[in-house]
Amino acid sequence: MKIFIAVLLILNSSVATRLITSDALQNLFIKVVKNETTEADLKTIQDVFEIYRPASTAFDMTYETNSRSGVICLICSSAFAVLKYLVQEGNTDEKIIETVTPLCNIILIISYKICSGIMRLNIPIISHIMRTTPEAAPRTFCGLLLQNANDPNACTFNDPRFEWTIDLPENTSIKDGTTSDYLKISTNSNSPLTIALIADTHVDPLYEAYGVADCSDLTCCRKGQTPRSHDYNTNIADSVFRDRIFEIGDDFILDLDLAKDIRNLSNTKGRTRNSPPAGYWGDYRRCDTPKWAFDDIIETVSKHKDINIVYYMGDNIDHHIWETTYELINEVNMYIIDKMRKEFDDNVLILPCIGNHESQPTNQFAPSSIKGDKLNTTWLYEFFASKWDIYLTEDAKATVREHGGFSILIRPGLRVISINNNIAYIYNWWLVYDPLDSKRHLEWLVRELHKAELAGESVHILAHIPPGVQDLIYTWTREYNRVVTRFSRTIKGEFNGHTHSDSYKIFYSTENGSPINMAWVTGSATAYSFYNMNYKIATFDTSFELNNIVNYVYNLTEANLTPHRRPHWFQLYDMKNSFEINDLSASTINDLTYDMVTNKRNILDLYSAFFSKVSDERWPNCDSDCKINIICRSVVTVLWERKKCDELRELYFALHGK
């Protein structure tokens, strides 16, 4: 019946002669790993991957709904079905790695070396989850991996374990419609605070200045890499994929004749190496941070002698995710911590949060109940508790060892809560094992916020991943917004990293939709993926409200022209003066945001330029669609709740046109 329905649908737009379903593709992949394919099977596989190659660009189409995402979901689900088959057949991890690496090589269109490294690091975790978790369906893995910020219907999965809510305490600060006097801690004796904000250093200890920046690997500028030898034209219009793949119930049906159309439009060509070599101070391309560039940024920040505290938003480790080791991770972590300790005075408090790149393998954060070798995250939490120990209390170190977060009173009336929201990251396989682990993290946050509220404390939250982005599971973003609404009087600000961009996020009340709080995304101390490096200096008044933010950057192109000189850091903007506002409250920033799309288009131009920290590679290419996409992200803190974004878009294009 499914095939019949699909044929009728496809015949409306084309004459289809060859169709393949999810089940058929899964069986075909299984025949591949069993070495039982016929010549006809190989022809079908060739056509599937001819379609997949350009379809895989759907990964980059974050803010657009597109037809090709169904192709990715179909192939991803089939690949995970093969993994589950191999696990259920009783194969060892070593045998599974040996069997699936060639398939990975084809599916991901990356080298055998990279596939082998990724499989070696990740298969032990995936196989453990599949062996121990009956609910671990292939579609669940893929639904998480392919989550799309703009489309809740992209590669959907049905797993009721992901639908949960947290209990919130009654609002004890409200009585008879007025704010009552609960316990207050005097802050009158406190002087204003100056806090340095640093994020995403991504130090590569093997960075090679003047090495290969346009390589055949996923990340470049590392010793021993070779230039990319081929270019693949995968810029195929989405319209080519339209009406060629259909989702019928839980199944996909793909028109294989699409492969012929793609062959006529795409091409592969050899190339001669003519790309510039890697820059000395870093590179805009897919390259991480040289040690000496990291040293420069820390030494530069430390020259601000009025700094009281450093908030460090995590991500120490590079993007060479196929060759990470415990030893290399520990070496880089130690280097970063030691450098910060050396450069900042002993009376400067440094408070970190954990980034998704700190784990081994990358992105994997297991529940505390998982103790097995190559499975647990305990080793990472133990390392952080011991190496950041001089800045943490015994209670804080205890919770770091348990789940990677901590709560610490740093001044009378000011508490900092560092949460490990990587646990809710869509690339964390352990979500499929136990989705409720992320709930337990939020419940801990609620308890800490409630204690702070009862004590009359203000709270700053540090979290690596910003709220509302597609990298976090929907349920987490929804429940987190409820938490912020409930404790909006206690939370005086949130600070994030992860995206490498410079931006802000406005929280809106789940009760009446009013702007209630802010999250500030720091930027990055790496140029990875076409950004300039930056750090920020934030000042706070005696009530710990954010007073102002000043952002400092250097132009990477300019710095690399004079490698023998230290980069020229300059003030990019002062939030109040550059944006012509009196304060940084949520209501003021909300008004500013709506002004950007109506009567202050020049301010939107500024915000869009500052988003990439005036990167030579991004800023000049940001057109109207780019700008509205950037500002739209600032009003989304719950995944897929895009009402505010749509309002901004309509206002902007109504006044300015496409």
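Our subject is the structure that appears above.
Conventions used here
- Counting starts from 1 at the beginning of each chain's written sequence and moves along it residue by residue.
- Only residues with pLDDT of 70 or above have their local features reported here, since the model is predicted, and side-chain atom pairs are shown and tallied only from 80 upward, although totals for entire chains, interfaces and linings are computed over all residues.
- Only hydrogens and water are set aside; all other atoms, that is, all heavy atoms of the structure, feed into the side-chain values.
- Starting at the N terminus, helices and strands are each numbered in turn, a helix being any DSSP run of H or I of at least four residues and a strand any DSSP run of E of at least two.
- Atoms counted for the radius of gyration: C-alpha only. Globule rule: 2.2 Å times residue count to the power 0.38.
- Any two residues having at least one pair of non-hydrogen atoms within 4.5 Å are treated as being in contact.
- Under the convention used here, a 1.4 Å probe and the Shrake-Rupley method define accessible areas, while residue burial counts only the protein chains that appear.
- Two residue types count as positive, namely Lys and Arg, and two as negative, namely Asp and Glu; His and chain ends fall outside the count.
- Just so you know, the charge point we use is NZ for Lys, CZ for Arg, CG for Asp and CD for Glu.
- We define a salt bridge as a side-chain nitrogen of Lys or Arg found within 4 Å of a carboxyl oxygen belonging to Asp or Glu.
- Categorising residues by exposure relies on relative accessible area from a 1.4 Å probe, with only protein chains included: less than 20% of the type maximum marks a residue as buried, more than 50% marks it as exposed, and the intermediate range marks it as partly exposed.
- Two strands are counted as paired when DSSP detects at least two bridges linking them.
- Every angle, taken between N-to-C directions, lies between 0 and 180 degrees, and every axis is a line fitted to C-alpha atoms, over only the stretch in contact when it is a helix.

Draft legend 1. Expanded view of the overall build of the protein chain. What the protein chain contains, in helices and strands, is 22 helices and 19 strands. Taken over C-alpha atoms, the radius of gyration comes to 25 Å for the protein chain, in line with the 26 Å a tight globule of 658 residues would show. Considered along the principal axes of its C-alpha atoms, the protein chain spans approximately 80 × 65 × 60 Å. Partitioning the intrachain contacts of the protein chain with sequence separation of at least 6 by distance along the chain shows that 74% fall at a separation of at least 24. Accessible area of the protein chain: about 26400 Å², with a carbon and sulfur share of 50%. For the protein chain, the centre of its 66 positive side-chain charges and the centre of its 84 negative side-chain charges are spaced 2 Å apart.

Draft legend 2. Representation of the pattern of salt bridges. Across all of its chains, the model carries 37 salt bridges by this definition. Three or more residues joined by partner-sharing salt bridges are found here, namely Arg18, Lys43, Asp47, Glu50, Asp257 and Arg263.

Draft legend 3. Looking closely at the environment of Ser368. Relative to the assigned elements, Ser368 resides in the loop between strand S10 (349-352) and helix H12 (378-387). Ser368 gets classed as partly exposed once you look at its relative accessible area, which sits at 40%. On a C-alpha basis, the gap between Ser368 and His403 in space is 6.7 Å, while along the polypeptide they are 35 residues apart.

Draft legend 4. Local environment of the sheet that holds strand S15 (residues 503-508). Strand order across the open sheet formed by 6 strands is S11-S12-S13-S14-S16-S15, with mixed pairing between neighbours. This sheet does not close on itself; its edge strands, each paired only once, are strand S11 (406-411) and S15. Taking each pair of neighbouring strands and ignoring which way they run, the sheet shows an average axis angle of 25 degrees. As paired strands, strand S13 (residues 458-463) and strand S14 (residues 491-496) are joined by 4 bridges and run parallel to one another. In the sheet register, His460 faces S14, and the bridge partner there is Gly493. Those strands touched by helix H15 (residues 436-454) are S11, strand S12 (414-419), S13 and S14, and its axis lies near 180 degrees from that of S12.

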